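For reference, the chains in residue letters:
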Amino acid sequence: MTISLAVPDILVARAKSGDLEALEALYRAFETPVYNLALRVLRRPEDAEDVLQETFLEVVRSIKQYRGEGHLWGWIRQIATSKALMRIRHDRVRETEELHEESVAGAGAGAGDIAGVGVIGASAGMSPGSVPAQIDLERAFERLSETSRAVVWLHDVEGYTHEEIAEQMGKTVSFSKSQLARAHVRLRRMLDEGVSQ
Amino acid sequence: MMHCTMDDLLALRAGEGSAWARQHAAGCAACRAELEALYQRVAQLKALPARRPARDRWPAVRDGALAERRRRRGRWGVSGLAAAAALAGLLVFRPFWTKPVDAAELARVKQQSATLEQQLQRYDPDGRVTSGRSAALAAALEDRIAVIDGELAQLGPSRAQARPADLVTLWQQRVELMEQLMSVHVTRAAYVGL
């Protein structure tokens, strides 16, 4: 996903003054990345749209506080991430999914086992270097728990550090690290065995 | 044979792998392949296609922006009222002051400020398209006016020891800023001095 996120300073200045055309231009510029971040974390399109709307309502309310330090996308992304994580915390707790995650991951990331997925090539006759089709990875990613998806997406795709994720989620750095490891173990296993299984 | 765990591989990817993990991965084809698979998975996640929302949420955001604007104007009004109340309180507590208040001057600048406020609302700057420079100037002026409103609101009767000269000065500053704001909106003056 490659999208240009550069916006002219003059547009930001107009948005700060409450110019609706400028605010809409900002919305159009960042609509897709915000929606995608929320969709990858929350999975349900309706939830992602709600986060998109909540994010830009917050942008409208707070744009004057943006002082031009850092990229505007970084500032908006922080708001979107916060809204998405808040939704995970308060709106829905998918206990069954979490339980399933626990049972599958188990001690998968333990020592002595290549990446916690068993001996290479023994599980599905697939070499570890052969990465399955992208659609499979997308489906496998969607089957992770919300928390795991959030950690993987924020760390591996958005480039957040474990410290930043821990702060955003109100957890520890080791929680973030272990979630990432477990998520990759599970992704690896699902891709080896076939997502549909 | 002990191989790298996913924790080890993630640490290696982050350049934080332990000495043992680095040494092992260097000599273990299986772990190197697993590390390469990790890199590829992440690259593919980054390359997942962008999705677009099915519904346009901008109308809802725009309505929210307009509501916020109305609320803000209301707050300005409240601030103005609070400032006026503070002024009335100071006038009542005038005996505590060390020197007489120029009530006429206070009333004059206060009236001036209210008139400018009305003119600005009639002009409806939010409904007009402005240049980026004008918008930035207007935003800076609004911020400064808000600061003065806050200071005026704090000058209640309980703080009657405040110097009346300061109060007059604050109101005068508010009027000057309001005039500059009008100037930016109406004439798009480029020489406001910000």
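## Overview of the overall build of chain B
The helix and strand tally for chain B stands at 7 helices and 0 strands. Ordered by position from the N terminus, the helices and strands of chain B form the series α-α-α-α-α-α-α. Each of the 194 residues in chain B was classed as buried or not, and the buried ones make up 42%. Taking the contacts inside chain B whose residues are at least 6 apart along the sequence as the reference set, 72% of them involve residues at least 24 apart. Carbon and sulfur atoms make up 55% of the accessible area of chain B, which amounts to about 10,400 Å² in all.

## Focus: the overall build of chain A
Scanning chain A from terminus to terminus reveals 9 helices and 0 strands. Along chain A, helices and strands appear, N-terminal first, in the series α-α-α-α-α-α-α-α-α. For chain A, with 197 residues in total, the buried portion stands at 54%. Partitioning the contacts of chain A with sequence separation of at least 6, the portion at a separation of at least 24 is 69%.

## What to know about the nonpolar core
A:W153 and B:L45 are the most contacted members of the largest nonpolar core, which totals 45 residues. Counting residues in each nonpolar core, the second largest holds 25 residues, with A:L11, A:L26, A:V59 and A:I79 among its members.

## Quick look at the pattern of salt bridges
Side chains that carry opposite charge are capable of pairing whenever their charged atoms lie near each other. Summed over the entire model, instances satisfying the criterion amount to 26 salt bridges over all chains. Salt-bridge contacts for A:E58 lead to A:K83; the nearest nitrogen and oxygen are separated by 3.5 Å. You can see A:E58 sitting in helix α3 (residues 45-62) and its partner A:K83 sitting in helix α4 (residues 72-90), a full 25 residues away along the chain. Overall, A:K83 belongs to the buried group, its relative accessible area being 16%. Salt-bridge contacts for A:R188 lead to A:D192; the nearest nitrogen and oxygen are separated by 2.5 Å. Linking A:R188 with A:D192, this pair stays in helix α9 (residues 173-193), spanning 4 residues, or about one helical turn. Connected via shared salt-bridge partners are A:R44, A:E46, A:D47, A:E49, A:D50, A:E54, A:R87, B:R55 and B:R57.

## A look at α4(A)
Residue and element names in this part refer to chain A. Here α4 spans 27 Å end to end across 19 residues, near enough to the 27 Å set by a 1.5 Å rise per residue. L72, W73, I76, R77, I79, A80, T81, K83, A84, L85, R87 and I88 are the residues of α4 that are buried. Packing partners of the buried residues in α4 comprise α1 (9-16), α2 (20-42), α3, α7 (146-157) and α8 (162-169).

## A few points about the packing of α4(A) against α7(A)
All names here are of chain A. Contact geometry for α4 and α7: axes closest at 10 Å, N-to-C directions at 165 degrees. With respect to their mutual orientation, α4 and α7 come out roughly antiparallel. As for the relative orientation of α4 and α7, their crossing is left-handed in sense. Across from T81, L85 and I88 in α4, the residues of α7 making contact are E146, T147, A150 and L154. A per-class count over the contact of α4 with α7 returns 4 nonpolar, 2 polar and 1 charged.

## Quick word on the confidence of the model for chain A
Residue and element names in this part refer to chain A. Overall, the predicted model of chain A reaches an average pLDDT of 81, with 74% of residues at or above 70. Of all the helices and strands in chain A, helix α5 (residues 95-105) carries the lowest mean pLDDT, 51, while α7 carries the highest, 96. Predicted confidence is poor over residues 106-112, with pLDDT under 50, and the contacts of this stretch with residues over four places away or in other chains come to 16 contacts. Confidence drops under a pLDDT of 50 for residues 117-130, and excluding neighbours within four residues, the segment shows 24 contacts in the predicted structure.

## Remarks on a negative patch on the surface
Negative charge collects at one region of the surface, where A:E163, A:E164, A:E167 and B:E16 lie side by side. With respect to the helices and strands, A:E167 occurs in helix α8. For A:E167, a relative accessible area of 68% puts it in the exposed group.

## Comments concerning α2(A)
Residue and element names in this part refer to chain A. The sharpest bend along α2 reaches about 50 degrees and sits at F30, with the proline P33 one to four residues further on. Among the 23 residues of α2, 17 are classified as buried, and the element is accordingly described as predominantly covered. Where α2 starts, the residue carrying a side-chain oxygen 2.9 Å from the main-chain nitrogen of E21 turns out to be D19. Just downstream of α2, R43 is the residue with a positive phi angle, here 75 degrees.

What counts and how
Residues numbered from 1 in each chain as written. Chains lettered and ligands numbered in written order. Predicted model: local features only at pLDDT ≥ 70, side-chain atom pairs only at ≥ 80, totals over all residues. Heavy atoms only, no water. Helix = DSSP H or I, 4+ residues; strand = E, 2+ residues; numbered from the N terminus. Buried < 20%, exposed > 50% of the residue type's maximum accessible area, 1.4 Å probe, protein only. Contact = heavy atoms within 4.5 Å. Areas by Shrake-Rupley, 256 points an atom, 1.4 Å probe, with all protein chains shown as cover. Core = buried A, V, L, I, M, F, W, Y, C linked by side-chain atoms within 4.5 Å. Salt bridge = Lys/Arg side-chain N within 4 Å of Asp/Glu carboxyl O. Expected span 1.5 Å × (residues − 1). Axes fitted to C-alpha atoms, helices over the stretch in contact; angles between N-to-C directions. Parallel < 35°, antiparallel > 145°, perpendicular 65-115°, else oblique. Left-handed = near helix turned anticlockwise from the far one by under 90°. Nonpolar A, V, L, I, M, F, W, Y, C, P; charged D, E, K, R; others polar. pLDDT = per-residue confidence, 0-100. Patch = residues over 30% accessible without salt bridge, like charges linked within 9 Å, V, L, I, M, F, W, Y side chains within 5 Å. Lys, Arg positive; Asp, Glu negative; His and termini not counted. Charge placed at Lys NZ, Arg CZ, Asp CG, Glu CD. Bend = angle between axes of the 7 residues up to and from the residue. Polar contact = N/O pair within 3.5 Å; in protein donor to acceptor, adjacent residues only side chain to side chain.

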